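# Observations on the three-dimensional arrangement
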Amino acid sequence: MTEMLARLGAGWILAVRHLGRALLLLLRILEGLDELVRRPRLLVEQLFSVGVLTVLIIGVSGLFVGMVLSLQGYYILSQFDAESALGVMVAASLLRELGPVVTALLFAGRAGSALTAEIGLMKATEQLSGLEMMAVDPVRRVLTPRFLAGFLAMPLLAALFSALGVLGGWFVGVGLLGVDDGTWWVQMQARIDWHEDLYNGVVKSLVFGFVCTWIAVFQGYNSLPTSAGVSRATTRTVVHSSLAVLGLDFVLTALMFK
Amino acid sequence: MTEERRVRASTAASAQTLVKIRDLHFSRGERKIFDGVDIDIPRGGVTAIMGPSGTGKTTLLKLIGGQLRPDRGTIEVDGLDVHALSRRELYRLRMRMGMLFQSGALLTDLDVFENVAYPLREHTRLSESMLRKLVLLKLEAVGLRGARHLMPAELSGGMARRVALARAMALDPMMIMYDEPFTGQDPISMGVLVKLVRQLNDAARLTSVLVSHDVAETCAIADLVYVISGGKVIESGPPQQLQESGSEWTRQFMHGLPDGPVPFHYPAPDLESDLFGRAA
């Protein structure tokens with residue numbers, strides 16, 4: 001019993017120590033933001049690698065999620081003769097929940113894991129140490145641009161996900177299932193609220209972008225400089241980011257839609 | 001000797017010493033790496049730090065470069081206490097120190113030219129044409145001007161280290177630290193690197209700190225050798241003196257003897273009891 005309590009305590013101490021380290025790293029990352037004003041090219045390069053290279057998986061997923069949503073929604077709504085509300089249902093689901101959440105989960109799997117692996121390998125091959133010995137701060141030069149790029153890319157990717165989701169839903173609802181085209185768009189225009197739906201969705205994806213990228217760069221920077229260490233860090237990035245996104249989504253939803 | 005002359009002599013001696021390590025203690029977890037080490041690295045020479053694998057030679061370079069912090073003791077580089085400096089001051093000092101990592105540590109997304117140009121782009125405002133000339137001169141010094149368009153993945157191990165050496169010299173530092181530069185090299189690459197370390201040290205009036213366990217190559221170019229083991233300096237002096245040392249330990253290391261004070265066998269219960277299951 002005592003041993004179990006001691007192990008539990010040691011686990012908590014380790015978790016708090018990790019959190020403290022992650023917070024200190026975040027402060028150093030934020031301190032380095034002025035570097036990007038002087039060297040915007042660093043940010044542009046990372047926006048390409050974190051954002052643009054993730055567009056394909058986000059776009060295709062958005063399209064299919066919208067199509068499935070429309071299909072499922074039609075079967076339920078048609079039981080109550082409410083097919084006209086299909087467009088609103090698809091758009092609200094995407095903007096409020098599925099857009100930010102699924103984008104963040106896909107982002108963690110695609111871009112987050114790539115960020116962790118890249119930084120971890122730079123550490124394992126002594127590239128980060130090399131930068132330090134060249135009097136170049138690796139946090140400012142390597143971590144800050146990646147962090148900001150992830151933070152900025154997430155809402156843009158979520159917007160793309162939702163937009164293509166609506167188009168996918170329209171294709172199935174209007175094109176295949178026969179919902180009236182005018183009703184689809186007019187209902188959506190009338191019922192979707194800028195603040196309730198759009199603004200809250202953007203806030204959610206900004207929070208998810210912040211957390212997912214923070215986890216990814218921290219795990220990479222904190223990884224053991226071995227192949228097994230980098231592999232474990234990459235796995236931790238995906239698991240921690242996914243759990244953080246789902247947990248935060250509940251908290252944010254509870255706060256936003258009281 | 002009068003007090004004044006003694007002070008003058010001591011000042012002159014410290015001016016001759018670029019790196020001064022005093023009472024260095026450093027541990028990783030429970031394991032003691034350094035247990036009261038004193039080392040003086042004179043200016044202008046090639047000083048080798050030698051010892052078996054795992055004795056903390058690379059750790060020593062990281063301590064000198066301020067990448068690790070000692071548990072106790074001081075390290076002074078050019079009169080500055082490395083671990084008392086602010087981050088900005090430490091980075092300013094590092095601009096005068098070059099380091100050659102065992103792996104080369106080249107930035108894998110940049111080609112050879114850009115790797116060597118990297119510290120110049122970071123710390124100077126040279127025009128593009130001046131920068132190009134400087135980089136080509138540095139690459140010429142290591143014999144790789146013709147390889148400037150290659151990516152690090154296209155280089156052999158020896159070439160990667162030569163590019164890293166050109167990069168370490170880019171800012172004309174006062175000292176260069178070499179971490180196991182000869183490990184895993186074929187005889188030709190090894191010969192090239194041995195020659196380069198000595199030539200560059202003399203031509204650029206550098207101070208070189210060389211960490212290695214390749215006895216013959218290191219002794220061929222070093223002016224002073226420190227042999228460390230078990231967290232302490234076992235012996236120091238010119239290579240010739242160490243080759244003829246009376247210390248059993250130094251003799252075993254310098255002549256590569258398989259058994260001696262460092263036993264061939266890792267500590268274990270006796271073979272019979274281990275084989276027939278009577279061991280604990």
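Residues numbered from 1 in each chain as written. Chains lettered and ligands numbered in written order. Predicted model: local features only at pLDDT ≥ 70, side-chain atom pairs only at ≥ 80, totals over all residues.

### Points about the overall build of chain A
- When helices and strands are tallied, chain A shows 10 helices and zero strands.
- Going from the N terminus to the C terminus, chain A shows its helices and strands as α-α-α-α-α-α-α-α-α-α.
- The burial tally for chain A puts 43% of its 258 residues in the buried class.
- In chain A, of all internal contacts separated by at least 6 residues, the share reaching a separation of at least 24 is 87%. (Helix = DSSP H or I, 4+ residues; strand = E, 2+ residues; numbered from the N terminus. Buried ≥ 20, exposed ≤ 12 C-beta atoms within 10 Å, placed from the backbone. Contact = placed C-beta atoms within 7 Å.)

### With respect to the overall build of chain B
- When you go through chain B residue by residue, the secondary structure sums to 11 helices and 10 strands.
- C-alpha extents for chain B along the principal axes are approximately 75 × 60 × 35 Å.
- For chain B, the share of sequence-separated contacts (at least 6 apart) that also reach a separation of at least 24 residues comes to 63%.

### Thoughts on helix α2 (residues 57-64) of chain B
Residue and element names in this part refer to chain B.
- Restricting attention to buried positions, one finds in α2 the residues K57, L60, L61, L63 and I64. End-on view of α2: buried residues confined to an arc of 160°, all on one side of the axis.
- If you follow the buried residues of α2, they end up packed against β1 (17-28), β3 (46-50), β4 (72-77), β6 (97-100), β7 (175-179) and β8 (207-212). (Arc of directions from axis to C-beta.)

### Quick word on the sheet that holds β4(B)
Residue and element names in this part refer to chain B.
- Across the sheet, which stays open at both edges, the four strands sit in the order β2-β1-β4-β5 with antiparallel pairing between neighbours. The strands lining the two open edges of the sheet, one partner per strand, are β2 (31-42) and β5 (80-81).
- Where β1 and β4 come together, five bridges link them in antiparallel fashion. Paired with R22 across the strands is T74, a residue of β4. (Pairing = 2+ DSSP bridges.)

### Comments concerning the sheet that holds strand β9 (residues 224-229) of chain B
Residue and element names in this part refer to chain B.
- Taken in spatial order, the six strands of this open sheet run β6-β7-β8-β3-β9-β10, and their pairing is mixed. Sheet topology places β6 and β10 (232-237) at the edges, where each strand pairs with a single neighbour. Going across the sheet, the axis of each strand differs from the next one's by a mean of 15°, ignoring polarity.
- For β6 and β7, the ladder comprises four bridges, and the chain directions are parallel. Considered in β7, the bridge of L100 is made with Y178.
- Together, β3, β6, β7 and β8 form the strand contacts of α2, whose direction differs from that of β8 by roughly 150°. (Axes fitted to C-alpha atoms, helices over the stretch in contact; angles between N-to-C directions.)

### Considering the packing of helix α5 (residues 86-124) of chain A against helix α8 (residues 181-191) of chain A
All names here are of chain A.
- It is at 7 Å that the axes of α5 and α8 come closest, and there the two elements cross at 50°. By the criterion of interaxial angle, the relationship of α5 to α8 is oblique. When you trace α5 past α8, the crossing you get is right-handed. Contacts between α5 and α8 involve L86, G87, V88 and A91 from the first element and W184, W185, Q187, M188 and R191 from the second.
- Partitioning the contact of α5 with α8 into residue classes produces six nonpolar, two polar and one charged. (Parallel < 35°, antiparallel > 145°, perpendicular 65-115°, else oblique. Left-handed = near helix turned anticlockwise from the far one by under 90°. Nonpolar A, V, L, I, M, F, W, Y, C, P; charged D, E, K, R; others polar.)

### Examining unusual backbone geometry
- Positive phi, normally seen in glycine, also occurs at D78(B), with a value near 50°.
- Structurally, D78(B) can be placed in the loop between β4 and β5.

### What to know about the pairing of β10(B)
- By the bridge criterion, five bridges tie β9(B) to β10(B) in an arrangement that is antiparallel. Following the sheet pairing, V227(B) is matched in β10(B) by E235(B).

### A closer look at the environment of A82(A)
- As for its placement among the helices and strands, A82(A) is situated in the loop between α4 (55-78) and α5.
- Looking at A82(A), the number of C-beta atoms within 10 Å reads 14, which means it is partly exposed.

### A few points about the confidence of the model for chain B
All names here are of chain B.
- Looking at chain B, pLDDT values average 87 and 94% of them are 70 or higher.
- Ranking the helices and strands of chain B by mean pLDDT puts β4 first, with 94, and helix α1 (residues 3-16) last, with 58.
- Scored as a whole, the predicted complex attains pTM 0.84, and scored at its interfaces, ipTM 0.82. (pLDDT = per-residue confidence, 0-100.)

### Some remarks on the packing of α5(A) against helix α10 (residues 227-256) of chain A
All names here are of chain A.
- Two numbers describe how α5 lies on α10: the axes approach to 8 Å, and their chain directions differ by 150°. Regarding the angle of α5 to α10, the classification is roughly antiparallel. Here α5 runs over α10; the crossing is right-handed. Contact residues: α5 offers V101, A104, L105, A108, G109, G112, S113, T116, A117, G120, L121 and A124, while α10 offers G229, V230, A233, T234, T237, V238, S241, S242, V245 and D249.
- Classifying every residue of the contact of α5 with α10 gives 11 nonpolar, 10 polar and one charged.

### Remarks on the environment of L85(B)
- Among the structural elements, L85(B) can be located in the loop between β5 and α3 (87-94).
- Along the sequence, L85(B) and L120(B) sit 35 residues apart, while their C-alpha atoms lie 23 Å from each other.

### Section: the environment of S156(B)
Residues and elements named next belong to chain B.
- Locating S156 in the fold gives a position in the loop between α5 (128-141) and α6 (157-168).
- Looking at S156, the number of C-beta atoms within 10 Å reads 11, which means it is exposed.
- Placed 131 residues apart in sequence, S156 and H25 show a C-alpha to C-alpha distance of 37 Å.

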